[in-house]
Amino acid sequence: MRLDKFLKVSRLIKRRTLAKEVADQGRILVNGNKAKASSVVKEGDELQIRFGQKVVTARIDQLRENVRKEQTAEMYTILNEEKLDKVDPSFMDDEA
């Protein structure tokens, strides 16, 4: 499944276009590597997503095409949430 679609279906990010923008800015790592919106993710992959001053680390538990809102929490496990004082240079976009 594409990364942007997983983020939308799992509701980690509300809209697919927003998920694409976040990925294109280099703010998502899959298993420690920068990921594009078109990157293919699979069960067991670890995602690191930077939302402003917060970094969320999650593991993909299930891949589903359609999910009810109540079932989205079964698709991933939040491993870590940390608030950043400074922006980590590894999350910076090379073009900025």
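Just above, that's the structure.
Residues numbered from 1 in each chain as written. Predicted model: local features only at pLDDT ≥ 70, side-chain atom pairs only at ≥ 80, totals over all residues. Heavy atoms only, no water.

Undergrad: Mind showing me how you'd approach the nonpolar core here?
TA: What tends to happen in soluble globular proteins is that the nonpolar side chains get buried as a cluster. Within the largest apolar cluster, 22 residues are counted, with the highest numbers of intra-cluster contacts made by L3, F6, L7, I28, V41 and L47. Looking at this core, the elements that each hand over two or more residues are α1 (3-9), α2 (16-24), β1 (28-30), β3 (46-51) and β4 (54-60). If you tally residues by element for this core, the top one is α1, at four residues. Leaving out residues up to four positions away in the same chain, L3 has contacts with A23, I28, V30, A35, K36, A37, S39, V41 and L47. (Core = buried A, V, L, I, M, F, W, Y, C linked by side-chain atoms within 4.5 Å. Buried < 20%, exposed > 50% of the residue type's maximum accessible area, 1.4 Å probe, protein only. Helix = DSSP H or I, 4+ residues; strand = E, 2+ residues; numbered from the N terminus. Contact = heavy atoms within 4.5 Å.)

Undergrad: Just checking my understanding: could you explain the side chain of T72 for this structure?
TA: By the secondary structure assignment, T72 is in the loop between β4 and β5 (76-83). If we ignore the near neighbours within four places in the chain, the residues touching T72 are V9, S10, R11 and V67.

Undergrad: I would appreciate a short explanation of the environment of T77 in the present structure.
TA: Here T77 is to be found in strand β5. Judged by relative accessible area, which is 28%, T77 ranks as partly exposed. Residues T77 and T57 lie 20 residues apart in sequence; the distance between their C-alpha atoms is 8.6 Å. If sequence neighbours within four positions are ignored, T77 has contacts with T57, A58, R59 and D61. Reaching out from T77, the side chain makes a polar contact with the side chain of D61 at a distance of 2.3 Å. (Polar contact = N/O pair within 3.5 Å; in protein donor to acceptor, adjacent residues only side chain to side chain.)

Undergrad: Sorry, what's going on with unusual backbone geometry here?
TA: Trans peptide bonds make up most of the peptide bonds, and negative phi angles are found at most residues other than glycine. A positive phi is found at R11, a non-glycine position, where the angle reads about 65°. Structurally, R11 is set in the loop between α1 and α2. A residue is classified by how much of its surface remains accessible, and R11, at 33% relative accessible area, is partly exposed. Phi is positive for N31, close to 55°, though the residue is something other than glycine. Residue placement: N31 occurs in the loop between β1 and β2 (33-34).

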